[in-house]
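As a plain string of letters, each chain reads:
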Amino acid sequence: MLRRVTVAAVCATGRKLWFEAGGESAALWRIRARGRCEDSAAARPFPTLTMPGRNKAKSTCSCPDLQSNGQDLGESGRVARLGADESEEEGRRGSVSNAGDPEIVKSPSDPKQYRYIKLRNGLQALLISDLSNMEGKTGDATDDEEDDEEEEEEEDDDDDDDDEDSGAEIEDDDEEGFDDEDEFDDEDEHDDEDLDTEDNELEELEERAEARKKTTEKQSAAALCVGVGSFADPDDLPGLAHFLEHMVFMGSLKYPDENGFDAFLKKHGGSDNASTDCERTVFQFDVQRKYFKEALDRWAQFFIHPLMIRDAIDREVEAVDSEYQLARPSDANRKEMLFGSLARPGHPMGKFFWGNAETLKHEPKRNNIDTHARLREFWMRYYSAHYMTLVVQSKETLDTLEKWVTEIFSQIPNNGLPKPNFGHLTDPFDTPAFNKLYRVVPIRKIHALTITWALPPQQQHYRVKPLHYISWLVGHEGKGSILSYLRKKCWALALFGGNGETGFEQNSTYSVFSISITLTDEGYEHFYEVAHTVFQYLKMLQKLGPEKRIFEEIQKIEDNEFHYQEQTDPVEYVENMCENMQLYPLQDFLTGDQLLFEYKPEVIAEALNQLLPQKANLVLLSGANEGKCDLKEKWFGTQYSMEDVENSWADLWKSNFELNPDLHLPAENKYIATDFMLKAFDCPETEYPVKIVNTLQGCLWYKKDNKFKIPKAYIRFHLISPLIQKSAANVVLFDIFVNILTHNLAEPAYEADVAQLEYKLVAGEHGLIIRVKGFNHKLPLLFQLIIDYLAEFSSTPAVFTMITEQLKKTYFNILIKPETLAKDVRLLILEYARWSMIDKYRALMDGLSLESLLSFVKEFKSQLFVEGLVQGNVTSTESVDFLKYVVDKLNFMPLEQEMPVQFQVVELPSGHHLCKVRALNKGDANSEVTVYYQSGTRSLKEYTLMELLVVSCNKGELRCSGALDPLRGLAFMPGS
């Protein structure tokens, strides 16, 4: 939704659209190769309009009735009581005022306390007390906290009080850029990395610091999930559920100001969000602790008595329509809308969930439909307390939170009507149209093959997670895997398999299992052979049956991650939990989406045996399909064609075809950590990293963890060379080098990746950046593996050709996006010696040889300066070994002179200057406006004031960022 605060909408496929007021960030989900869905929350100038549900790690499906999951606990459950009943409940738990429910299983590293209650109106609530960061303080804020909050309030009051917009929250990228993205959106992130890598890293660190501040300081958060979504849309008003999610925020009977809640949150450092999925609608907000109770009361009125005034309808219709227009250029959204259209008539997946001006305004007028009256009817029917699950988290005692929730949320009406149930609409894709080959013309330059099966709903198997087991194997990248084989053939670049756990992919009527493969040009020509390789691997799995060793390996990895999980931003956490409450019984609220509980081979085999070629849907995306597609999808205008699978392949897949001897199960994973002991200090404790090695060849910074006390470490090395920026061709050769090195590492390093040892190689402006993090026990093995492959770098002509062709697409996709093109032009104007994306694209198109690459790499490795950082559960002696391994293995000479690792910035002449650039993609209606203010060299105090200006801008309607260069700059980018 395009309200002036953090909001979310739903796409036609049921995926949530996360984006913030300034368009600062988009919570982008992707199916990882191990079949997991994780939040990428990478900051972007504009939102990436594909959504995805939440930060869930395993297979789940949309909410069946709560009773079936054990939620309606009856007499054994806890119903919120006041007075005498409250003391009786305290006696059951003991006299401790903050005692949680022992039934709720939580991580040993989780310091929070949890309590489940059920109000008399049927609303279920999970209370989360996070007193751990207050060092034992309870109740009201301390004097120091009160003073801090008063100071912050005074700062807030200095803002424009007439501005009623809520501040946009910068979302945390917990993964620090360690990404495996969806094949249709993955290059967005890679594309952005080609622009000003150091600046991106700086922004990433600032976002992480902001998120940590929100997590550890005064933010309290709440989320409420209504167990109804877009499946309930009436046939004559497509998008009504999503539209209602907008409209309930437009004032309430108790607080009638249309923007009052937004203004309240803005003044007190908060943000809010909302999203509509197929069978759930979620609302959430966060705010400073001091104002949490009042915020709860204001927020709850949207569910008690929203105004939804008629005069606001036209404005909000335009907001919904703007979201729809922004989403149309997304290949992921277009593919999902097309997929939904294949459902049998009468199934809700065939509906248009987005809504737009045509369906919500113009067509209703032509048909004499009163949209306002229908909105109120929809709210009265579906926004009922007994459909709702609420989660609140704050630094208050559980008793205090229980009192507040009972007092405020008991007023939400309960209509007593049964919850809508779509579970009877089974096998929605059991139609002739589904088992076909669809050729689709994408927006971006890409070749991709997606193979999809529609299975029965898998929610009841959450303790086994059969789709997670299958996706772990299908998405494996080690020896014997599908992707390993296809990469050797130079047919594929990436593969993502599994279930994304969005309403589109998992609900009460079906569960999707899909395998998406990013193809090379040659792979596109052999897409039938690629599909056959997938079917051969699945047949091999079906013949072997489930393996307990592999299940236990996955289980151990997930157990480790859960045991040592890091605390997340409260607003993200409560949003995740309120949806979990719709899906799992009480004891599994925190674990149901993460852990593998039971090994049941028959359940896994049942799902696996349904993945047959004749039941699959094939979608082939490629620009080469242009002119061959005579059909057009109604809502997104996607050009496509439908055809039968070629007879020769169809006949082969119906037969008992031979297995591929190159495909086999993965070997035992040697990277799984088993030693979680915390190491003793071998040097004095320090507040910040200190330089412990400084030579002509490199330096090393070190910091022993003395705060979080977890068995993990973070390693970052920057291999600096002046060679890269000598020409545009050298910059391109460096890009090719890093991409091939990443390609070479994909197979041997994959086991480390799935064992939570994450790594990333970045082609920085002035050198190669290597980042590694995870459990420290086996981390040196991964780091040494990367350095070994760097030292012995090689490439075949086929791999060189494959990577260069893909790089052409990457550069092209950067140039056709207004926001990345605008950034490239801005940096080209401002920075001396910068090579533009046009320069790089031309150098690549002019032709580069494998010989020139190998010569470049040899020269690059011969003379370097290496700067490293090691921090976490590592001793100083061990950290020195990392630098020593790099120096000894690469055996390079030191640089002849020091070199800067930032570009010098041009001092702009005084006055106003305007640069207009015509967008290269005529089919994209979106525009980008960048206003750049340059201040010149300033004092530290003045720089700090500019940072405060950036913060205040982030609370308004503009995206604002500060560039840390010699001439200080603030870039303001409208979110939409």
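Refer to the structure presented above.
This is a predicted model, so every value here is computed, not measured.

## Section: the overall build of the protein
- When you go through the protein residue by residue, the secondary structure sums to 28 helices and 26 strands.
- The proportion of buried residues among the 976 residues of the protein is 63%.
- Of the contacts made within the protein by residues no fewer than 6 positions apart, 83% connect residues no fewer than 24 positions apart.
- With the model as given, the accessible surface of the protein reaches about 37000 Å², and the carbon-plus-sulfur share is 51%.

## What about helix 26 (residues 850-862)?
- Between its first and last C-alpha atoms helix 26 spans 19 Å; for 13 residues at 1.5 Å apiece the expected length is 18 Å, and the two agree.
- Those residues of helix 26 not exposed but buried are L850, L853, F856, V857, F860 and K861. For helix 26, the arc enclosing every buried residue in end-on projection is 125°, short of the 170-degree limit, so these residues lie on one face. Among the exposed residues of helix 26, those pointing more than 90 degrees away from its buried face are E851 and K858.
- Buried residues along helix 26 sit against strand 20 (712-720), helix 21 (728-754), strand 22 (767-775), helix 22 (779-791), helix 23 (797-815) and helix 27 (876-890).

## Brief notes about the packing of aromatic side chains
- Scanning the model with the defined rule gives 47 aromatic pairs in all.
- Ring geometry for W354 and F636: centres 6.0 Å apart, planes at 55°, overall tilted. One end of the pair, W354, is in the loop between helix 9 (331-340) and helix 10 (357-366); the other, F636, is in the loop between strand 16 (631-632) and strand 17 (639-643), with 282 residues separating them in the sequence.
- Ring pairing ties together the aromatic residues F249, F261, F283, F285, F292, W299, F302, F303, Y383, W404 and F409, which thus form one cluster.

## Concerning a nonpolar patch on the surface
- A grouping of V929, V931 and Y933 is seen on the molecular surface, where their side chains present a nonpolar patch of about 270 Å² in accessible area.
- Topologically, V931 is positioned in strand 24 (residues 931-936).
- V931 sits in the partly exposed class, given a relative accessible area of 35%.

## Structural notes on the sheet that holds strand 8 (residues 271-276)
- Taken together, the six strands give an open sheet; going across it, the order is 5-6-10-7-9-8, and neighbouring strands pair in mixed fashion. Every other strand in the sheet has two partners, leaving strand 5 (113-118) and strand 8 as the edge strands with one partner each. Going from strand to strand, the sheet's axes swing by 10° on average, the running direction of each strand aside.
- In this sheet, strand 9 (residues 281-288) lies alongside strand 7 (residues 219-226) in antiparallel orientation, the contact comprising eight bridges. Bridging from a neighbouring strand, V226 pairs with T281 of strand 9.
- The sheet contacts of helix 5 (residues 240-247) involve strand 8 and strand 9, and relative to strand 8 the element is tilted by about 165°.
- Lying on the sheet, helix 12 (residues 398-409) is in contact with strand 5, strand 6 (124-129), strand 7 and strand 10 (388-394); it crosses strand 6 at an angle near 145°.

Calculation criteria
- Residues numbered from 1 in each chain as written.
- Predicted model: local features only at pLDDT ≥ 70, side-chain atom pairs only at ≥ 80, totals over all residues.
- Heavy atoms only, no water.
- Helix = DSSP H or I, 4+ residues; strand = E, 2+ residues; numbered from the N terminus.
- Buried < 20%, exposed > 50% of the residue type's maximum accessible area, 1.4 Å probe, protein only.
- Contact = heavy atoms within 4.5 Å.
- Areas by Shrake-Rupley, 256 points an atom, 1.4 Å probe, with all protein chains shown as cover.
- Expected span 1.5 Å × (residues − 1).
- Arc of directions from axis to C-beta.
- Phe/Tyr/Trp six-rings, centres within 6.5 Å; stacked < 30°, edge-to-face > 60°.
- Patch = residues over 30% accessible without salt bridge, like charges linked within 9 Å, V, L, I, M, F, W, Y side chains within 5 Å.
- Salt bridge = Lys/Arg side-chain N within 4 Å of Asp/Glu carboxyl O.
- Pairing = 2+ DSSP bridges.
- Axes fitted to C-alpha atoms, helices over the stretch in contact; angles between N-to-C directions.

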